[in-house]
Amino acid sequence: GCAVVAEGVSDPLLWRHAIEVAQRLVDTIRARAGDRGPDYVTSLGNLALLHYEAGDLDEAGARFDQVAAAWEAMSPPQPLSQAATYDSMGTLRRDRGQFDRAEELYRKAHAIWRSAPGGPSPAFAASLSNLGTLYCATGRQAEAVPVFLQALDVIGRGEGEGSVAFASVLSNLG
């Protein structure tokens, strides 16, 4: 999505432009298809990520709240998208020092991913790593280690021990 393309950008004018373009996309999708479909909610989530990456955490938080509410109301349900949103919201809350709320959101995401058909996914492993990072940030290293090990297990069974994701999580244990 747009957030990946914009990652690492430090020019505020480029961020503003990227956010304006993403907002136009959200508005266009809403005008054509309404605000209840997955395309609209996904584009709104991408806009939230752009605000987050640009450092506008208040706006990102408000957008993520909208996205979470929309996924929760979606029919048919979109649980994996809902879990990804909870994970993003958890990271935002962690970065704002709202550690209890971040942990709650990560756990909501994990509950969804654990019950997903097909078993644990790379997104679940990344979210486990996010939770482990939260534990480290709050001085709870003893709780972080088993979470990182679980993430390594999920990645090892999926992408393999030679993957970048595996190395990234492994570096958190060092």
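The rules behind each value
Within each chain, residues carry numbers counting from 1 in the order of the written sequence. Selection of residues for local features in this predicted model requires a pLDDT of at least 70, selection of side-chain atom pairs for listing and counting requires 80 or more, and totals for whole chains, interfaces and linings are taken over all residues. Excluding hydrogens and water, the side-chain figures rest on all heavy atoms present in the structure. For the purposes of this entry, the term helix denotes a DSSP run of H or I that reaches at least four residues, the term strand denotes a run of E that reaches at least two, and both are numbered from the N terminus. Throughout, radius of gyration means the C-alpha value; the globule benchmark is 2.2 Å times the number of residues raised to the power 0.38. We call a residue buried when its accessible area falls under 20% of the maximum for its residue type, exposed when it is over 50%, and partly exposed in between, using a 1.4 Å probe and counting protein chains only. Any two residues whose heavy atoms approach within 4.5 Å at even a single point are treated as in contact. Accessible surface area values rest on a Shrake-Rupley calculation with a 1.4 Å probe, where residue burial reflects the displayed protein chains alone. His residues and chain termini do not enter the charge count, which takes Lys and Arg as positive and Asp and Glu as negative. We put the charge of a Lys on NZ, of an Arg on CZ, of an Asp on CG and of a Glu on CD. When a carboxyl oxygen of Asp or Glu is within 4 Å of a side-chain nitrogen of Lys or Arg, the pair counts as a salt bridge. Take the buried Ala, Val, Leu, Ile, Met, Phe, Trp, Tyr and Cys residues and link them wherever side-chain atoms come within 4.5 Å; each set so joined is a nonpolar core.

A.B. asks: Could you clarify how one ought to interpret the overall build of the chain in this entry?
C.D. replies: Secondary structure assignment for the chain yields 9 helices and 0 strands. The C-alpha atoms of the chain give 17 Å as radius of gyration, which agrees with the globular expectation for 174 residues (16 Å, within 12%). Structurally, the chain occupies a C-alpha span of about 50 × 40 × 30 Å along its principal axes. Relative to its 174 residues, the chain shows a buried fraction of 39%. Partitioning the intrachain contacts of the chain with sequence separation of at least 6 by distance along the chain shows that 49% fall at a separation of at least 24. A total of about 9200 Å² of accessible surface is found on the chain, and carbon and sulfur atoms cover 54% of it. On the chain, the mean spot of the 15 positive side-chain charges and the mean spot of the 21 negative ones are 4 Å from each other.

A.B. asks: I keep staring at the pattern of salt bridges and nothing clicks. Help me out?
C.D. replies: Opposite charge on two side chains permits them to pair, given that their charged atoms come into close proximity. All chains considered together, the criterion is met by 11 salt bridges. The residue Arg101 makes a salt bridge to Glu104 at a minimum N-O spacing of 2.6 Å. Highlighted residues: Arg101 and Glu104, both in helix 6 (residues 99-114), separated by 3 residues, approximately one helical turn. The structure contains a network of salt bridges with shared partners spanning Glu103, Arg107, Arg140 and Glu143.

A.B. asks: Before we go on, may I ask you to explain the environment of Ser81 in this structure?
C.D. replies: Looking at the element boundaries, Ser81 is found in helix 5 (residues 79-95). Sequence spacing of Ser81 and Gly156 is 75 residues, and the spatial spacing of their C-alpha atoms is 23 Å.

A.B. asks: Quick question: what am I supposed to make of the nonpolar core here?
C.D. replies: Within soluble globular proteins, side chains that are nonpolar generally end up buried alongside one another. Counting 30 residues, the largest nonpolar core has Phe64, Tyr86, Met89, Leu128, Leu131 and Val169 as its most contacted members. Taken together, the elements giving at least two residues each to this core come down to helix 3 (38-53), helix 4 (57-73), helix 5, helix 6, helix 7 (122-137), helix 8 (141-158) and helix 9 (164-173). The next biggest cluster of nonpolar side chains, apart from the first, holds 14 residues, and it includes Ile19, Val26, Leu44 and Leu50.

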